[in-house]
Each structure stands twice: as C-alpha cells, then as structure tokens.
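# Descriptive structure summary
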Amino acid sequence: MDSSALFQTYSRAPVEFERGDGCWLQTNEGERFLDFGSGIAVSCLGHAHPHLVKAIQDQAEKLWHVSNLYEISSQGRLAQRLVANSFADRVFFGNSGAEALECAIKTARRYHYVNGAPERYRIITFAGAFHGRTLATLAAAGQEKYLEGYGPRVDGFDQVELGDLEAVKAAITDETAGILLEPIQGEGGIVEPPSGFLRELRKLCDEHGILLVFDEVQTGFGRTGDMFAYKWSGIEPDILAAAKGIGGGFPLGACLATNEASAGMTPSTHATTYGGNLLAMAAGNAVLDIILQDGFFEDVQRRSLIFKQGLASVVDRFPDVFSEVRGKGFLLGLKCVLPNMDVNSALRDANLLTVPAGDNVIRLLPPLVVSEEEMSQAIERIENAAAALSATQPGDGAA
Ligand code: PLP
C-alpha cells in the first residue's frame, strides 16, 4: 500500500485482506489466513456473520445517524439488555474503548463531586495496564513509552504494582475517588491479578467509600467465557468500561454504572455526536442476540478449555520457543522464550494471525464462534512454526 500520506504511527504487517468469513481472512490474491487475533479481540462473531450483516444492512437502508438530539429506541433497548445482564443500572454509549474509559473516569469524579467531596478526584491504577491513547487514559496506564512527548501528564492517577494490596492501601488518601483495573490485563500480556485480589479491592472501596471501576474493553462480551470477566470474581464493580466485542467490528463503546455511581452524570455533563448511533446500535443488539443465546458462554468455556489444553501440550513440546500458556476463555497468551515479534511473524508466515502483547507474549484471541476443527488447525500451525523456529536455535531443537 502507499502509506506516504498517512501519519506514520503504525508498523503494519505486509499483508492486506479483501474479505472475511467466520474465522478466515482472505487476501486479494485469494490466500487464506486463520484469524486468531479478531482485529485485537473485536470480531467476536467472526467476519461477515449473517445475523450481523443483515442487522447492519437493514438499518443502513433506513437511517444511519440522527445524533443524540433525538430519541433512539434501539439505544434504550441495548442499554436495557446490558443492564439485565450485568451489575449496572445505566449505560452511556461512545465509540471506542478509550472514550468508554474517559466516561468511566468522569463518572467516578462526578460521583464524589455531587456527594460534596470534589477533592476526591484521584484514581488508583496498576503497573502494566492499558486503557487507551487519549491523554487521560495514557496517564491512567502510566506507560512512559506512550506518554513521551505529550507534555504535562493529566493529573489524578496514582499507580501501584498489580497484586500489591498493601501498596493500594497506602495509596488511598482523602483525595481518592476510585480504583481502576482490567480484571485480566490484555495488552500487558494476559496477566491475571492474584486470586482474591479483586475481592480485596471491593472491600477496600466499600470501607473508604470509593468506586471500583473495571476496564472490560478487552475482557468483556464473552471473551473469557462469560458476559464480563468480573463475573468470575464473585464481586461487582460500580462502573465498567466496555468496547471491542460489543459491536462485533462496528466501532462502539459503553460505560456501565450503578444508579448510585452514575448519580453525577446529569444533563449536559457528558455527550458525544456519534455515540449510540443507529448503525452501532443495530450492531450491538445483533451481537447480543447471538451471545446471549442459551448455552453460548458455556460452549465458549468448553471449546476454549480444549484449545488451552492443546496449547499447553505445544508449550511442553517446545520449551525453547514457549514457556507458558495463560489466560481464560478465548483471551489466551503464549509466553515466548524467543522474541514474541519473531514468533508472531513465523505464525503469520504459517497463515495464522495472532497479536503480540507485553511481557513477551503473543495473544490468541479467536472469534468466539471458532470451531474445534479450526482450533486443531491453529494448533497444527503453531506446532509447525515452533518446530521451524526451534530448529534455527543453537543446541538441540525440540521434538
Ligand atoms: N482498555 C483496554 C483494556 C484495551 O485493551 C484497549 C485497547 O486495546 C483500550 C482500553 C482502548 O480501546 P480503544 O483502542 O478502542 O480506544
């Protein structure tokens, strides 16, 4: 492609896709790739899912966009369905993960403001986090490499090590508004907090009258085998940011909150032109039609367990390429011994798409509808790539 007129912000792989079906992507020349990246955990129903295609087509023929100056009943309907399937009472729709996080942060700050404590605006976050690329979400995640050159950091975030409860306690002050984290860190390398940590955070929030905010942009909408990853923890947040899978590939984000936590979000305090647009609502409702079907999440759990076992066996057989398989549901990571970018390229050469992450991990994030046959093909491709990589290493190669 001629990228000379684009900002040079991305390092793209030298491949372009023309069409997709299910878990497969196809180039202009007809070469097919097994997509175990889902556009970074987005295409939860795979590509060109007939129900999603029809929902978008039907809506596209009627009306695309009117703005939030007018009523949009599909917005009300999607919100009701999200509320019925989560801890939340209310929803605000935006267009991306970072926007969902901005709304979550604003909601937490406004909660204290309307409760007579405007000095409570700081949020505790965790090392290794990723919350988006806006100025506030970059400050929240605190990754120096992404903050460099962007001027003074947005104030109001205090970062501690993931899993360090004593550090969290020490960081809570009279200015603290809440605690924000991903139930499983995605970009950070599929990192789960220690068992019981989320429960302890819930307790601390209740003791101090502060809000627990989950970033489920990557973990939500069935990715871990349930509607949201927090459902595995036995506790509920006060606010949750969602995006990616929610639109099945159509840009959509949402901030969910309890009545109490969203009390400060009164008329004119927050808005967006596109958020909750008719096409996005058609996509969001269509995704829910499928993932809320009886047995869908159980089937994700069943298939993902088989896949994880297959990956564990690859790790056992190629210890000079991989050291560990981690994650839950179809949010899986292979920790690499060799540089993860090399492994990612080798897999792409084997026509299997994966996504690199922090901590030298490659992520395997297939569409939630992936079949057992497709999982077997992916395992075979990983094995072949591992065998080839292993053979290039000094010393005795693996089996
Ligand atoms: N939060 C998490 C956990 C993410 O993984 C991402 C994106 O990868 C974001 C927020 C930002 O989402 P977006 O890129 O849609 O702004």
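Our focus in this paragraph is the overall build of the protein chain. Within the protein chain, the regular secondary structure consists of twelve helices and 15 strands. Taken over the C-alpha atoms alone, the protein chain extends approximately 65 × 55 × 50 Å along its principal axes. Taking all 399 residues of the protein chain together, the buried fraction comes to 53%. Taking contacts inside the protein chain between residues at least 6 apart in sequence as the whole, the part at least 24 apart equals 72%. Counting every atom, the protein chain has about 17900 Å² of accessible surface; 51% of that belongs to carbon and sulfur. Taking the average place of the 33 positive charges on the side chains of the protein chain and the average place of its 51 negative ones, the gap between the two points comes to 3 Å.

Attention now goes to helix H9 (residues 278-291). Here H9 spans 20 Å end to end across 14 residues, near enough to the 20 Å set by a 1.5 Å rise per residue. Looking at where H9 begins, the residue whose side-chain oxygen comes 2.7 Å from the main-chain nitrogen of Leu 279 is Asn 277.

This part is about the packing of helix H3 (residues 73-84) against H9. Contact geometry for H3 and H9: axes closest at 9 Å, N-to-C directions at 35°. The two elements H3 and H9 cross, and the hand of that crossing is left-handed. When H3 is examined against H9, the residues Ser 74, Gln 75, Arg 77, Leu 78, Arg 81 and Leu 82 are found in contact with a partner set consisting of Leu 278, Met 281, Gly 284, Asn 285, Leu 288 and Asp 289. The residue inventory of the contact of H3 with H9, partitioned by class, reads five nonpolar, four polar and three charged.

Another aspect to go through is the nonpolar core. Among the nonpolar cores identified, the biggest contains 82 residues, and Leu 201, Phe 307 and Phe 322 are the most heavily contacted of them. For this core, the leading source of residues is H9, giving eight residues. Not counting residues up to four positions away in its chain, the partners in contact with Phe 322 are Val 314, Val 315, Leu 334, Lys 335, Cys 336, Val 337, Val 343, Ile 362, Ile 382 and Ala 386. By size, the runner-up hydrophobic cluster in this structure holds 22 residues, among which are Ala 100, Val 217, Ile 239 and Ala 261.

The strand order across the open sheet formed by seven strands is E4-E10-E9-E8-E7-E5-E6, and the pairing between neighbours is mixed. Only two strands of the sheet have a single partner each, and these edge strands are strand E4 (90-94) and strand E6 (157-160). This sheet shows a mean twist of 20° between the axes of neighbouring strands, independent of strand direction. Relative to strand E10 (residues 253-257), E4 runs antiparallel, the two sharing five bridges. By the bridge assignment, Phe 92 is partnered in E10 with Cys 255. Set on the sheet, H3 makes contact with E4 and E10; between it and E4 the angle comes to about 125°.

Here we take up empty space enclosed by the protein. Vacant regions in the atomic arrangement are exposed by a probe of water-molecule size rolled over the atoms. Throughout the structure, instances matching the rule amount to two cavities of 30 Å³ or more. Estimated volume of the largest cavity: approximately 40 Å³. Taken together, Leu 135, Leu 147, Tyr 150, Gly 151, Pro 152, Arg 153 and Val 154 form the lining of the largest cavity. For the lining of the largest cavity, the residue count by class is five nonpolar, one polar and one charged.

Another point: H3. Along its twelve residues, H3 runs 16 Å from first to last C-alpha, staying within 8% of the 16 Å computed at 1.5 Å per residue. Considered for burial, the residues of H3 that qualify are Gln 75, Leu 78, Ala 79, Arg 81 and Leu 82. Summarising the axial view, the buried residues of H3 lie within an arc of 160°, below the 170-degree limit, and thus occupy one face. Along H3, exposed side chains directed more than 90 degrees from the buried face belong to Ser 73, Gln 80 and Ala 84. Tucked into the core, H3 has its buried residues touching E4, E10 and H9.

Of note, Asp 238 is situated in the loop between strand E8 (211-215) and strand E9 (239-242). Taking the relative accessible area as the measure of exposure, Asp 238 reaches 12% and is therefore buried. Within polar-contact distance, the side chain of Asp 238 engages the side chain of Arg 202 at 3.0 Å. Apart from residues no more than four positions distant in its own chain, Asp 238 is found in contact with Phe 87, Arg 202, Ile 210, Leu 211, Leu 212, Leu 256, Ala 257, Thr 258 and Ala 261.

Calculation notes
- Residues numbered from 1 in each chain as written.
- Predicted model: local features only at pLDDT ≥ 70, side-chain atom pairs only at ≥ 80, totals over all residues.
- Heavy atoms only, no water.
- Helix = DSSP H or I, 4+ residues; strand = E, 2+ residues; numbered from the N terminus.
- Buried < 20%, exposed > 50% of the residue type's maximum accessible area, 1.4 Å probe, protein only.
- Contact = heavy atoms within 4.5 Å.
- Areas by Shrake-Rupley, 256 points an atom, 1.4 Å probe, with all protein chains shown as cover.
- Lys, Arg positive; Asp, Glu negative; His and termini not counted.
- Charge placed at Lys NZ, Arg CZ, Asp CG, Glu CD.
- Expected span 1.5 Å × (residues − 1).
- Polar contact = N/O pair within 3.5 Å; in protein donor to acceptor, adjacent residues only side chain to side chain.
- Axes fitted to C-alpha atoms, helices over the stretch in contact; angles between N-to-C directions.
- Left-handed = near helix turned anticlockwise from the far one by under 90°.
- Nonpolar A, V, L, I, M, F, W, Y, C, P; charged D, E, K, R; others polar.
- Core = buried A, V, L, I, M, F, W, Y, C linked by side-chain atoms within 4.5 Å.
- Pairing = 2+ DSSP bridges.
- 1 Å grid on protein atoms, 1.4 Å probe; cavity = no way out; pocket = protein on both sides within 12 Å on 5 of 7 lines; lining within 4 Å.
- Points joined across faces, edges and corners; volume = space filled by probe spheres on them.
- Arc of directions from axis to C-beta.

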